Amino acid sequence: MEYAFSAIEKKWKQYWQQQQVYKVDNDTSKPKFYILDMFPYPSGAGLHVGHPLGYIASDIYARYKRQRGYNVLHPMGFDAFGLPAEQYALETGQHPAVTTEKNIARYREQLDNIGFCYDWDRQVRTSDPQYYKWTQWIFLQLFHSWYDRKQNKARPISELVAVFEKEGNNNHICPDDAQFCFDAKAWKSMPEKERRETLMRYRLAYQGYAEVWWCEALGTVLANDEVVNGVSERGGYPVIRKQMRQWFLRITEYAERLLTSLETLDWTDAMKEMQRNWIGKSNGAEVRFEVDGMVDTHITVFTTRPDTIFGVDFMVLAPEHDLVETLTTPEQKHEIEEYKKYVQSRSERERMAEVKQVTGCFTGATVTHPFNKRKIPVWISEYVLAGYGTGAIMAVPSGDDRDHAFAKHFEIPITNIFGNNYNEQEAYTEKIGTLENSGFLNGIEIAKAGDIAIRAIEDAGIGKAKVNYKLRDAGFSRQRYWGEPFPIIYIKGMPYSIDEAELNAHPALQQLPVELPLVENYKPGPEGEGPLANVQEWVDTHAGMRETNTMPGYAGSSWYFLRYMDPHNNDTFASRNATDYWREVDIYIGGTEHAVGHLLYSRMWTKALYDLGHIGFEEPFKKLVNQGMIQGSSRFAYRVNGENKFVSKGLAAQFDTTAVRVDVNFVNGTELNIEAFKNWRPEYADAEFVLEDGKYICGAEVEKMSKSKYNVVNPDDIVAQYGADTFRMYEMFLGPIDISKPWDTKGIEGVHRFLKKMWRLYFDEQKGWIVTDDAPTEAELRIIHKTIKKVGEDIERFSFNTSVAQFMICVNELSALNCHKRTILEALSVIIASFAPHIAEELWHQFSHETTVLDAPFPKYEEQYIAENTKKYPVAVNGKTRVEMEFPLDIEESILQQEVLADATIQKWMDGKEHKKFIYVKGKMINVVV
RNA sequence: GCCCUGGUGGUGGAAUUGGUAGACGCGCAGGACUUAAAAUCCUGUAUGCAGCAAUGCGUGUGCGGGUUCAAGUCCCGCCCGGGGCACCA
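For clarity, every value in this text was computed on a predicted model and none was experimentally measured.

K.L.:
Outline the packing of aromatic side chains, supporting the account with residue identities and numerical values.
P.N.:
Per the stated rule, a full pass over the model turns up 78 aromatic pairs. Seen from their ring centres, Phe666 and Trp680 are 5.4 Å apart, and the 75° between their planes marks the pair as edge-to-face. Residue Phe666 is found in the loop between strand E25 (657–662) and strand E26 (667–668), and its partner Trp680 is found in helix H21 (residues 674–680); the two are separated by 14 residues along the sequence. Residues Tyr873 and Phe887 carry aromatic rings whose centres are separated by 6.2 Å and whose planes lie at 50° to one another, so their mutual orientation is tilted. One end of the pair, Tyr873, is in strand E33 (residues 870–877); the other, Phe887, is in strand E34 (residues 880–888), and 14 residues separate them in sequence. Both residues of the pair, Tyr873 and Phe887, count as buried. Among the aromatic residues, those joined into a cluster by ring pairs are Phe33, Tyr61, Tyr64, Tyr70, Phe798, Phe800, Phe807, Phe835 and Phe858.

Now the structure itself:
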């Protein structure tokens, strides 16, 4: 009997489906385990072999955990809203709902083909109204909440109203403006509009203003992705930054908690570090500088180096800073206007990245130094960003690289506060040494001067110590169609949530979900509004006008892990019973490209839901496993310039050639299938080929796997040719899960051969089933128990490539021993079930079992079979291994030392010298130092 | 530019805690079976030098330094590739 993988895999896929083997129950006494993949965006290109890498890993782990006795939740769904579907709709007129549906169906088919153990009953799709109903609901929770800095948690906005009525806002300073104060009387006398505006300044989901890329020619707002080299990707039209009213999430209120609770997470240090850097906590001071010649006007800067305050030689404001207009003198007005126009065309990235090119403009204004009363000029420059700190800095050229470059470029005199440490060529940025030229800080060590400076600043009443976060509030509006509509209606320009009584709306209007209306076209609305603005009958309600923005991609993905726990619940996003049972995700697998965005937002939403009492835990993902990319291996043919002639790689150097991409599916290894290539495109049909050794050899290069590079390999093709089990094991065998590596279809043969070889332990081509009940030998027990141990440990640490290698070693050794014994082979079928579920299920049932191998307990290894009592030690002289000697593990060191020193080879290398040191690491090695 | 990450044979990678570098697989070379092929099996395969050979000696984990009895692994300085940088998902 041959290993007929196609028939076997088809059979067991049907069995699993019929028996509902993957159905997961919420009611069980078993301990839970929740393992989750980052759900995919279903793109039109379908899955390529790179996508399932993480899914296979999590599938193995999920099956393994189930064999270990856990109730395992391992769901899958689709991140179905997004820009690509909308762009496709713009180009083809096909509705995103239709193309998304089609793409999901294709993804589903491809995923099923690989044999994953997902409980598809629990599938979620972010674009499903029954799903986004709850995304909108969570948005409303955020809208109806504020962050209490005293209690350090989100609270209902109604409680804030009660506080305002009693005592005004004295105890709860306004998050976006500490100066904004009112008492109870003032609150009560506010008109409703003003009260709502005030509350808006506290809400966790609030409206503010932000800049977007505006493309006049296309009449639309563009994503960063759609802007390439300062022009629109489509059409190459000019773009500028434009202020727009937007929704935001006040994630900054959570900065400190997001930072400190990182400690509790089992994530890689790199991940945590990236999140820390993104949050960007820094300690420093806010300092006010009075503007000369103006009453009550000052520039507030944030500095992390208050110790350098006497080195200030100029001030720099962000070009967008509110004060720029007020400060600019009539003589400088024109120049400042021109400069601001230039900055409008620049992305934040460009502004930060190009440090070599110094630009800026003098406002004509000066401020007075608070301590030494020097007059300090005020500039604007693109290197200061409006969104960070106060949008203004005190520039200390002797102590900061960019300030130094700026001063040199504009020939602003530099004050040296570091004495000999500053060499006039570059800034001195170390915090070692003492200060000079620094008034009351003279002679003080730099490291200690900061605190002294802050005290002086506070005593003088011109500023205070301040913790600053780089983290900014998250923009939550998109001027797009294919996203969640906001449950918001405007009355006289004032936003109300649909559940508010003030709306005086018909109950039907107050229901969730607010469904996305069907539209005819996807063109943007007027004034940079999204396509929804064109749908008059939807926008106009008897209560007021609907919000026409939609929510961003991360809205639906910020909480989807909760919905899987209770996906069909119509009363709430997930029952408290369900969330209390499953709690946080035990292992979350996905790429590092989500290191900050998705993971940070998700963490914030979880904390907010926790604060408001909806769930009982405040971190979504306990352990995070990063997966690398599988890259494509592109193939190239070499066309002789000016001719329709291709020369094989080895000969290309002799001609003047251009490398042309060849679809990898026409290439076997590096040998080109010339006929397939000729049929690919008409222009190649009668091309001429110059071969070497009768073959056309292609060049190869490792790149991202993508359609445009013709290096995409479809898992369906691989599964058809080798089977899902081979595919799964090969993906794992390629290398560590977190490392990027290129796909090479050729290498899969080895894994396929391995499965066939394993099959032959159970089946003989002529005799069929050849498993016997004979008692196993010590050697056989040793190999299977070693494998049980190694594979179990490797799965636990996500080292699947080494498990596959161990399976190979195991099968190689059992084959060499001619082992066909039940005790050994039954165990093997169980431990390989998580990697190669189809073949394992077939073998398991051949042993007359009636239930799935998934419910067979993972066997325990027994130390007695594995333990060795001797060890072949490498013996080194001065660190160089010279000979191998075998000793019992429990030998006494003195005896071992005697024997080693008496060895002829060792004596030869000791060259008659006495040994200085004798190093013996039990079970590892021996080293003689002379 | 900034943050994170990786670099080991022809090739994917192994070496889990500082302890025999190259497990396992691919490729390649040689062989067995076969009329032939496929499939399967066996042997060899980091590199230089010496040797008919067994083997011996040296070199070797991106580059340059350092710590250590011992470094792919730790430290310092560089080079190159990948991911992210707030509206791609």
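K.L.:
Account for the side chain of Arg203, with residues named and values stated.
P.N.:
Along the chain, the position of Arg203 falls in the loop between helix H8 (192–200) and strand E5 (205–215). No salt bridge is formed by the buried Arg203; the nearest opposite charge belongs to Glu500, separated by 4.5 Å. Among the polar contacts listed, one links the side chain of Arg203 to the backbone oxygen of Phe143, at a separation of 2.8 Å. Not counting the four nearest positions on each side in its chain, Arg203 is found in contact with Leu142, Phe143, His144, Ser145, Ile157, Arg196, Arg250 and Glu500.

K.L.:
Just give me the short version of the pattern of salt bridges, but keep the residues and values in it.
P.N.:
A full pass over the atoms with the stated rule returns 48 salt bridges. In this structure, the salt-bridge partner of Lys789 is Glu793, at a minimum N-O distance of 3.8 Å. Note that Lys789 and Glu793 are positioned in helix H25 (residues 778–796) at a spacing of 4 residues, about one turn of the helix. Taken together, the shared-partner salt bridges in this structure form one network comprising Arg257, Arg603, Lys607, Asp611, Glu618 and Glu619.

K.L.:
Can you tell me about the protein's contact with RNA strand B, naming the residues and giving the values?
P.N.:
Neighbouring residues of RNA strand B: 62 residues in total, closest Asn224, Asn277, Leu734, Arg753 and Asn927. A share of 61% is what sugar and phosphate atoms reach among the atoms of RNA strand B within 4 Å of the protein. A distance of 3.2 Å separates a sugar or linking oxygen of RNA strand B from a polar atom in the side chain of Arg478. Here the element with the most residues in the surface near RNA strand B is helix H26 (residues 800–816); it accounts for 6 residues.

K.L.:
Mind laying out the sheet that holds strand E35 (residues 917–921), listing which residues take part and the relevant values?
P.N.:
Across the sheet, which stays open at both edges, the 4 strands sit in the order E34-E33-E36-E35 with mixed pairing between neighbours. If you trace the sheet from one side to the other, it starts and ends with E34 and E35, each paired once. Strand-to-strand twist in this sheet, taken as the mean axis angle between neighbours without regard to direction, amounts to 20°. Lying over the sheet, helix H30 (residues 893–902) contacts E33, E34, E35 and strand E36 (925–929), oriented at roughly 120° with respect to E35.

K.L.:
Which residues make up the sheet that holds strand E18 (residues 488–491), and what values go with them?
P.N.:
Within the open sheet, the 3 strands sit side by side as E19-E18-E20. Their pairing is antiparallel. A strand with exactly one partner marks an edge of an open sheet, and here the two such strands are strand E19 (494–497) and strand E20 (545–546). Pairing of E18 with E20 involves 2 bridges; the strand directions are antiparallel. When the sheet's bridge partners are listed, Tyr490 is paired in E20 with Met545.

K.L.:
Account for the packing of helix H1 (residues 5–19) against helix H28 (residues 837–846), naming residues and giving values.
P.N.:
Running from N to C, H1 and H28 cross one another at 80°; their axes reach a closest spacing of 9 Å. By the angle class used here, H1 and H28 are roughly perpendicular. Listed contacts from H28 to Ile8, Glu9, Lys11, Trp12, Lys13, Tyr15 and Trp16 of H1 are Pro837, His838, Ile839, Glu841, Glu842 and His845.

K.L.:
Provide a residue-level description of the packing of helix H27 (residues 822–831) against H28, including the pertinent values.
P.N.:
In contact at an axis separation of 8 Å, H27 and H28 are set at 145° when each is read in the N-to-C sense. Handedness of the crossing formed by H27 with H28: left-handed. Touching Glu826, Ser829 and Val830 of H27 are Ala840, Leu843 and Trp844, all from H28. Looking at the contact of H27 with H28 residue by residue, the classes come out as 4 nonpolar, 1 polar and 1 charged.

Conventions adopted
Residues numbered from 1 in each chain as written. Chains lettered and ligands numbered in written order. Predicted model: local features only at pLDDT ≥ 70, side-chain atom pairs only at ≥ 80, totals over all residues. Heavy atoms only, no water. Phe/Tyr/Trp six-rings, centres within 6.5 Å; stacked < 30°, edge-to-face > 60°. Helix = DSSP H or I, 4+ residues; strand = E, 2+ residues; numbered from the N terminus. Buried < 20%, exposed > 50% of the residue type's maximum accessible area, 1.4 Å probe, protein only. Lys, Arg positive; Asp, Glu negative; His and termini not counted. Salt bridge = Lys/Arg side-chain N within 4 Å of Asp/Glu carboxyl O. Polar contact = N/O pair within 3.5 Å; in protein donor to acceptor, adjacent residues only side chain to side chain. Contact = heavy atoms within 4.5 Å. Near = heavy atom within 4 Å. Pairing = 2+ DSSP bridges. Axes fitted to C-alpha atoms, helices over the stretch in contact; angles between N-to-C directions. Parallel < 35°, antiparallel > 145°, perpendicular 65-115°, else oblique. Left-handed = near helix turned anticlockwise from the far one by under 90°. Nonpolar A, V, L, I, M, F, W, Y, C, P; charged D, E, K, R; others polar.

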